[in-house]
Amino acid sequence: MRKVAFHTLGCKLNFSETSAIARQFADAGYERTEFSEGADIFVINTCSVTANADKECRKIVNKALNISPHAYVAIIGCYAQLKPNEIAAIEGVDIVLGANEKFNMIAHIDSLEKRANAEVLACDIADVHEFNQAYSVGDRTRTFLKVQDGCDYNCSFCTIPMARGRSRSDSIVNAVASAQDIASQGVKEIVLTGVNLGDFGKDQSGKIAADNSFIDLARALDRVRDIHRFRISSIEPNLLTDEVISFVARSQRFVPHFHIPLQSGSDTMLKAMRRRYLTSLYTSRIERIKTLMPHCCIGVDVITGFPGETEAEFLATYQYLNQLDISYLHVFTYSERANTSALQLEGVVPQAVRKQRTKMLRILSDKKLRAFYSEHVGKVYEVLLESDNKDGFMHGFTANYIKVKMAYNLELINTLQTMKLTGVDGTGEMLAHVVNVPAVDTFTFA
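Calculation rules
- Residues numbered from 1 in each chain as written.
- Predicted model: local features only at pLDDT ≥ 70, side-chain atom pairs only at ≥ 80, totals over all residues.
- Heavy atoms only, no water.
- Helix = DSSP H or I, 4+ residues; strand = E, 2+ residues; numbered from the N terminus.
- Rg over C-alpha atoms; globule rule 2.2 N^0.38 Å.
- Buried < 20%, exposed > 50% of the residue type's maximum accessible area, 1.4 Å probe, protein only.
- Contact = heavy atoms within 4.5 Å.
- Lys, Arg positive; Asp, Glu negative; His and termini not counted.
- Charge placed at Lys NZ, Arg CZ, Asp CG, Glu CD.
- Axes fitted to C-alpha atoms, helices over the stretch in contact; angles between N-to-C directions.
- Parallel < 35°, antiparallel > 145°, perpendicular 65-115°, else oblique.
- Left-handed = near helix turned anticlockwise from the far one by under 90°.
- 1 Å grid on protein atoms, 1.4 Å probe; cavity = no way out; pocket = protein on both sides within 12 Å on 5 of 7 lines; lining within 4 Å.
- Points joined across faces, edges and corners; volume = space filled by probe spheres on them.
- Nonpolar A, V, L, I, M, F, W, Y, C, P; charged D, E, K, R; others polar.
- Salt bridge = Lys/Arg side-chain N within 4 Å of Asp/Glu carboxyl O.
- Pairing = 2+ DSSP bridges.
- Phe/Tyr/Trp six-rings, centres within 6.5 Å; stacked < 30°, edge-to-face > 60°.
- Lys NZ or Arg CZ within 6 Å of the ring centre and 35° of its normal.

**Student:** How would you summarise the overall build of the protein if you had to cite specific residues and measurements?
**Tutor:** When its secondary structure is counted, the protein shows 13 helices and 20 strands. Scaling as 2.2 N^0.38, a compact globule of 446 residues should have a C-alpha radius of gyration of about 22 Å, and the protein matches this with 22 Å. Summarising its shape, the C-alpha atoms of the protein cover approximately 60 × 55 × 50 Å along the three principal directions. Looking at the 446 residues of the protein, the share that counts as buried comes to 56%. When contacts within the protein are restricted to residue pairs at least 6 apart in sequence, long-range pairs at least 24 apart make up 72% of them. Averaged over its 50 positive side-chain charges, the protein has a centre that lies 4 Å from the centre of its 52 negative ones.

Right under this line is the structure:
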């Protein structure tokens, strides 16, 4: 039996797609192995978000061939769509598959013989219209379910529309069927993933039909009884409606946790980035969430060092985030990306300044998260425990995304336990232990 191994870079969406492609290989008779164990074919799913996409890809290709020198190497993912010829030039690569072609990989691999020159199969991104279903497997605790792909936005710093194409979605019927299939495998939490989740339901004309929006999807999934939790991975503030917020506040399954991209706390920067909102709208979304769900966890994406970001603009972002009732930050240092309009902007920020600003915001994030955790010390919540065993501890998450740790217990893997949160340790993690009292329901509001 031929063996296949996978390596995934980037987002949750990539992980869900790797799993879907792995199932195709399994159906074709391949045995999946760990990357470090060697294989007849290595599939590397790339990302285009980081500035070092080329370096990362080369590193993984070299690693694969050091393990199995005669292995066939296939490259897929966003970077493969954006820069297929650059990847094809990497020594040891045999085939490069674009956004459409990656989901038909089995048909494109007629043999596993090494090639003198890599084959490139990547259509123009404008020709990518089909939605391909995907969800991750392998972790019984949590699964990433892809329900949307592509993006119609034109943010000046972003290459994702060029890598993934126009916004398109699964049907509600198919998404529910996937959730039911996931539930049958014993999974307790589903994380909904997509490039622009709030755009769910768009057809090729760019319109969302009646009864086919994100809120309609959420209501349908909420009726899948064997899934204990649904988590929204990320949603744009201009698409996070009062209706969606109110629904999550009432739901017994959609958890009180939002990840809402901001990118800058300066309206001047938001306009330069071509974002579709200003800070006033963002503030109103945070206030609405906290009014209905005071215990809700809110994560925020921020970019530092965007062209034109003066010291004053950065301090405006810092001060805005400092006063905002949020829980943590994901901070990204701006990097120049080919074919983006941001390259034409003036006011390039020196790399050293970008890194310093990133460091400042990550310190602020640590303070925000510790403060959020501290608010919940002494409370009793349900925790979904996971299988990791690090230094004798296991970890899990509350519904509102507090990561807790306790002494490792094999029997508690993938179980929901009522736990008392006892304190934040020196590493910033929440300590907890199992208790035999009902969990406090602080998450559902009329």
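**Student:** Could you give me a rundown of the packing of helix 8 (residues 214-221) against helix 9 (residues 242-250), with the residues and numbers involved?
**Tutor:** Describing two packed helices takes the angle between their axes plus the distance from one axis to the other. Interaxial distance between helix 8 and helix 9 falls to 10 Å at its minimum, and their mutual angle equals 15°. Viewed along their axes, helix 8 and helix 9 adopt a mutual orientation that is roughly parallel. The two elements helix 8 and helix 9 cross, and the hand of that crossing is left-handed. Of helix 9, the residues touching helix 8 (which contributes Phe214, Ile215, Ala218 and Arg219) are Glu243, Val244 and Phe247.

**Student:** Describe in detail empty space enclosed by the protein, supporting the description with residues and values.
**Tutor:** To locate leftover empty space, one rolls a probe as large as a water molecule over the atoms. What the rule picks out here adds up to one cavity of 30 Å³ or more. Space inside the largest cavity adds up to approximately 50 Å³. Surrounding the largest cavity, Gly77, Cys78, Ala99, Lys102, Phe103, Asp149, Ala163, Arg164 and Arg168 form its lining. Grouping the amino acids of the lining of the largest cavity by side-chain chemistry returns four nonpolar, one polar and four charged.

**Student:** Describe the pattern of salt bridges, naming the residues involved and giving the relevant values.
**Tutor:** Here the structure, examined in full by the defined rule, presents 25 salt bridges. Here the salt bridges do not stand alone but share partners, grouping Glu17, Lys102, Lys146, Asp149, Arg164 and Arg168 into one network.

**Student:** Could you give me a rundown of the sheet that holds strand 1 (residues 3-8), with the residues and numbers involved?
**Tutor:** The six strands lie next to each other as 2-1-3-4-5-6, forming an open sheet whose pairing is parallel. Edge positions in the sheet fall to strand 2 (31-32) and strand 6 (119-121), since each has one partner strand and no second. As paired elements, strand 3 (residues 41-46) and strand 4 (residues 72-77) share six bridges and run parallel to each other. Following the sheet pairing, Thr46 is matched in strand 4 by Gly77.

**Student:** Go over the environment of Ile286 with me, naming the residues and quoting the values.
**Tutor:** As for its placement among the helices and strands, Ile286 is situated in helix 11 (residues 279-292). For the pair formed by Ile286 and Ile326, sequence separation is 40 residues and the distance between their alpha carbons is 7.7 Å. Ile286 has contacts with Ile260, Ile298, Leu324, Asp325 and Ile326, leaving out every residue within four places of it along the chain.

**Student:** I'd like a description of the packing of aromatic side chains, backed by residues and values.
**Tutor:** This structure, assessed with the given rule, holds twelve aromatic pairs. Taking 5.8 Å as the distance between ring centres and 75° as the angle between the ring planes, the aromatic pair formed by Phe6 and Phe25 counts as edge-to-face. Separated by 19 residues along the polypeptide, Phe6 in strand 1 and Phe25 in helix 1 (residues 12-27) bring together distant segments of the chain. One aromatic cluster in this structure is built from Phe6, Phe25 and Tyr30. A cation over a ring is seen here: Arg23 above Tyr135, with NZ or CZ 4.1 Å from the ring centre.

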